[in-house]
There are 2 protein chains.
Amino acid sequence: MLDIALLGCGGSMPIPNRFLTSLLIKYKGRKILIDCGEGTQVSMKILKWGFKSIDIICITHRHGDHILGLPGLLSTIGNSGRTKPITIIGPRGIEAIIKGLKLAVPNIPFQVEIIEDPKGLLGVKVSSEGMKVKKTIHEESYNDDFVISTLELDHSVPCIGYSFYIPRRPKFNIDKAISNEVPKELWKKLQSGEVVIYEGKSFEPKMVLGKERKGIKLSYIMDTRPIDTISGFIRNSDLFICEGTYGDDEDLEKAIKNKHMIFREAAQLAYEGDVDELLITHFSPAMDEPELYIENAKKIFYNTNIGHDRLIKSISFKDE
Amino acid sequence: MLDIALLGCGGSMPIPNRFLTSLLIKYKGRKILIDCGEGTQVSMKILKWGFKSIDIICITHRHGDHILGLPGLLSTIGNSGRTKPITIIGPRGIEAIIKGLKLAVPNIPFQVEIIEDPKGLLGVKVSSEGMKVKKTIHEESYNDDFVISTLELDHSVPCIGYSFYIPRRPKFNIDKAISNEVPKELWKKLQSGEVVIYEGKSFEPKMVLGKERKGIKLSYIMDTRPIDTISGFIRNSDLFICEGTYGDDEDLEKAIKNKHMIFREAAQLAYEGDVDELLITHFSPAMDEPELYIENAKKIFYNTNIGHDRLIKSISFKDE
């Protein structure tokens, strides 16, 4: 099971009662933060999920509303007693910006490892000690606890979207194991994903495993115009968190000019990507009550929800 | 008249319902901000005094709780339509930190002029167009609308205190003008502070002005141990805003270790400096209700108040 908390739902600048867009993901007791505008740490403090177990911070782009909370958060994570490294992932150019921000908090008691502009997939192993990011992998595998993919978006500065996929191991299939004549003593190893050589013969996991099962997929697309590549990238997400800077259809021109989306466009992406649920966030400070515009999205994609600060959701594997 | 608003009262890190230490000063429709921790702009937004008319930002030191709100605030001031330069004053080393933070907000539509480690006095002229800081002046004069002084404090990094003095022109004294045989046509010019040469003779303002009158003095001392030079620096302040990170006398050891003060020490400075009022702020996040410790200060300096976010005060010239 994966838990998410939307720490803030604002774009551009923080306003009273609406922190800037940021998402916290909890998985196996460890955490990933995506985006970190000014004040993110305050929303985290209200949420009470803790600071010390944040292992990965994903940044979509270098605009202030997505990164200016970073130095304060790193400092607070330091005060929480963390000494293990943190991995920050971001688009091209992010390393220089982070180095600049870090000048203001020079005494952080842990290393910050930056992965700039990752190409391909990043496999992540999770243990009680923390999350470990492999630089790149070639394909999803059951050896990784989850996989992070990125997609280049269309904003006024380099901006990337993220998806997180937790693969689900197929069930053990005893009939298959028997019909494939797999010795019983190998069943457990094969089930756990290992290839085993036994009496000169190679046995593979698929010889004892049933059909593929869908894992958990979460996608996060901020600060972009809707581009063709998004629907494939978010395909079959259990939850698709998407920017909807403007609710009103009449703000389309503004959205085009500022390289953002209106609710209707986010819904269209959700529909094309065949996701289970759309959660809209990143609201313009000029939009007091985003809920007023929900129908603009729902008429295109029914299972749409409008974000609010510290909205929490759990996503589980579907029974199969 | 001078108005102040305490934007936040927290030290170290922002917590729910307590922004980080920051002070906004309003004078003749223009504004000065002192310190700018993360979230300062949100408190300003709640206060509704506006962003565009901030002409000077004074920074006490480079710790995150005093500067990390700066890039976001500069960006928001830019969005407010400001194009005129802003002057930032701070201790040695501040320029490099500000340059680092500014990397994250590269498109600010105004110049930032930095005065690092000012020695002596800074005279400021105020007009409806904005405040203009002269680099240094040698003494207070009625030609400046107010004067900023700084004092080196004793913290773990270079840290300076600030005082703001608005001089008050003496009243016109008709008896003196007559007894000094000042021609009537010169009275107005002399009253406004000009020296006038008339029929080969020099006339000075003091020939028509009465006795000296006390101006308005505001002092701001954050993040320091109490040192000998403070009482002279804050002498006769109408309002002395001082850090009191810890309320409990028993936290003295912690205060010494972390280079901060307990309430009692702030009160002792107020007493020695013979100020009119002490306002304590910059509370440790561990101290939920600073009000509980007010007696520790009051028994040494009676006119002590405990700060809270968006506390507002007006200071007027005293009738004389």
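Note that the structure is a prediction, hence the values are computed from the model and not measured.

What counts and what doesn't
- Residues numbered from 1 in each chain as written.
- Chains lettered and ligands numbered in written order.
- Predicted model: local features only at pLDDT ≥ 70, side-chain atom pairs only at ≥ 80, totals over all residues.
- Domains from an automatic or database assignment.
- Pairing = 2+ DSSP bridges.
- Helix = DSSP H or I, 4+ residues; strand = E, 2+ residues; numbered from the N terminus.
- Axes fitted to C-alpha atoms, helices over the stretch in contact; angles between N-to-C directions.
- Contact = placed C-beta atoms within 7 Å.
- Nonpolar A, V, L, I, M, F, W, Y, C, P; charged D, E, K, R; others polar.
- Buried ≥ 20, exposed ≤ 12 C-beta atoms within 10 Å, placed from the backbone.
- Least-squares fit on C-alpha atoms with pLDDT ≥ 70 in both.
- Core = buried A, V, L, I, M, F, W, Y, C linked by C-beta atoms within 7 Å.
- pLDDT = per-residue confidence, 0-100.

Domain parsing of chain A yields domain 1 (2-170 + 212-315) and domain 2 (174-205). Distance between the C-alpha centres of domain 1 of chain A and domain 2 of chain A: 40 Å.

Residue and element names in this part refer to chain A. Taken in spatial order, the 8 strands make up an open sheet running E8-E7-E9-E10-E13-E14-E15-E16, and their pairing is mixed. Edge positions in the sheet fall to strand E8 (130-133) and strand E16 (304-306), since each of these pairs with one other strand and no more. With strand direction ignored, the average angle separating the axes of adjacent strands in the sheet is 25°. Bridge count between strand E7 (residues 121-127) and E8: 4 bridges; the pairing is antiparallel. Paired with serine 127 across the strands is glycine 130, a residue of E8.

How big an interface is tends to be stated in terms of the accessible area lost upon association of its parts. Listed as interface residues are 27 residues of chain B and, on the opposing side, 27 residues of chain A. Looking at which element gives the most residues to the side of chain B that touches chain A, the answer is helix H3 (residues 70-79) of chain B, with 5 residues. Residues of the side of chain B that touches chain A, tallied by class, amount to 15 nonpolar, 9 polar and 3 charged.

Successive side chains on a regular strand alternate, one facing one side of the sheet and the next facing the other. Residue and element names in this part refer to chain B. For strand E5 (residues 86-90), a buried count of 5 out of 5 residues is recorded, marking the element as mostly surrounded by other parts of the structure. Burial along E5 is two-sided: the face carrying Ile86, Ile88 and Gly90 and the face carrying Thr87 and Ile89 are both buried. Here strand E4 (residues 54-58) pairs with E5 via 3 bridges, running parallel. Counted as the bridge partner of isoleucine 57 is isoleucine 88 from E5. Two elements, E5 and strand E6 (residues 112-116), share 5 bridges in a ladder whose sense is parallel. Within E6, the residue paired with isoleucine 86 across the bridge is valine 112.

Another aspect to go through is the relation of the copies chain B and chain A. The operation relating the two chain copies consists of a rotation about an axis and a shift along that axis. Once chain B has been moved 0.0 Å along the axis and rotated by 180°, it coincides with chain A to within an RMSD of 0.1 Å. Seen this way, the second copy is the image of the first under a two-fold rotation axis. Closest approach to the rotation axis among the C-alpha atoms of chain B is made by Gly100(B), whose C-alpha sits 2.0 Å away. Of the interface residues in chain B, 100% have counterparts in chain A that sit at the interface too, so the contact is made through matching surfaces.

Turning our eyes to something else, we now look at the sheet that holds strand E4 (residues 54-58) of chain A. Residues and elements named next belong to chain A. Taken together, 7 strands build an open sheet; the order of strands is E6-E5-E4-E3-E2-E1-E17 and the sheet is mixed. The two strands at the open ends of the sheet, each matched to only one other strand, are strand E6 (112-116) and strand E17 (311-315). Strand-to-strand twist in this sheet, taken as the mean axis angle between neighbours without regard to direction, amounts to 20°. Along the sheet face, helix H4 (residues 94-102) touches strand E5 (86-90) and E6 and points at about 155° away from the line of E6.

Attention shifts here to the nonpolar core. In this structure, Ala266(A), Leu278(A), Ala266(B) and Leu278(B) are the most contacted members of the largest nonpolar core, which totals 168 residues. The contacts of Leu278(B), once residues within four sequence positions are left out, are Phe240(B), Cys242(B), Ala266(B), Ala267(B), Ala270(B), Ala297(B), Phe301(B), Asn303(B) and Thr304(B).

The next point concerns the confidence of the model for chain A. On average, residues of chain A score 94 in pLDDT, and 100% of them are at 70 or above. Overall fold confidence for the complex sits at a pTM of 0.90, while the interface term, ipTM, reaches 0.86.

Residue and element names in this part refer to chain A. The residue aspartate 117 is not glycine, and still its phi comes out positive at about 50°. Here aspartate 117 lies in the loop between E6 and E7. The residue glutamate 199 is not glycine, and still its phi comes out positive at about 45°. Here glutamate 199 lies in the loop between strand E11 (196-198) and strand E12 (201-203). What makes glutamate 199 exposed here is the crowd of 6 C-beta atoms within 10 Å.

Moving on: helix H1 (residues 40-47) of chain A. Taken together, the buried positions of H1(A) are Thr40(A), Gln41(A), Val42(A), Ser43(A) and Met44(A). Immediately beyond the C-terminal end of H1(A), within one or two residues, lies Lys48(A), with a positive phi of roughly 65°.

Residues and elements named next belong to chain B. By the secondary structure assignment, serine 53 is in the loop between helix H1 (40-47) and E4. It is 11 Å that separates the C-alpha atoms of serine 53 and proline 85, two residues lying 32 residues apart in sequence. Beyond its immediate chain neighbours, meaning those up to four positions away, serine 53 contacts Gly29, Arg30 and Lys31.

Let us look at the pairing of strand E9 (residues 146-152) of chain A. All names here are of chain A. Summarising the sheet, E7 and E9 pair through 4 bridges and their orientation is antiparallel. Bridging across to E9, leucine 122 finds its partner in isoleucine 148. Strand direction decides the pairing type here: E9 and strand E10 (residues 160-168), joined by 6 bridges, are antiparallel. Counterpart to isoleucine 148 in the pairing with E10 is phenylalanine 164.

With that out of the way, let us pick up the environment of Ile227(B). Among the secondary structure elements, Ile227(B) is positioned in the loop between strand E13 (213-221) and helix H7 (229-234). Ile227(B) has contacts with Leu153(B) and Asp154(B), leaving out every residue within four places of it along the chain.

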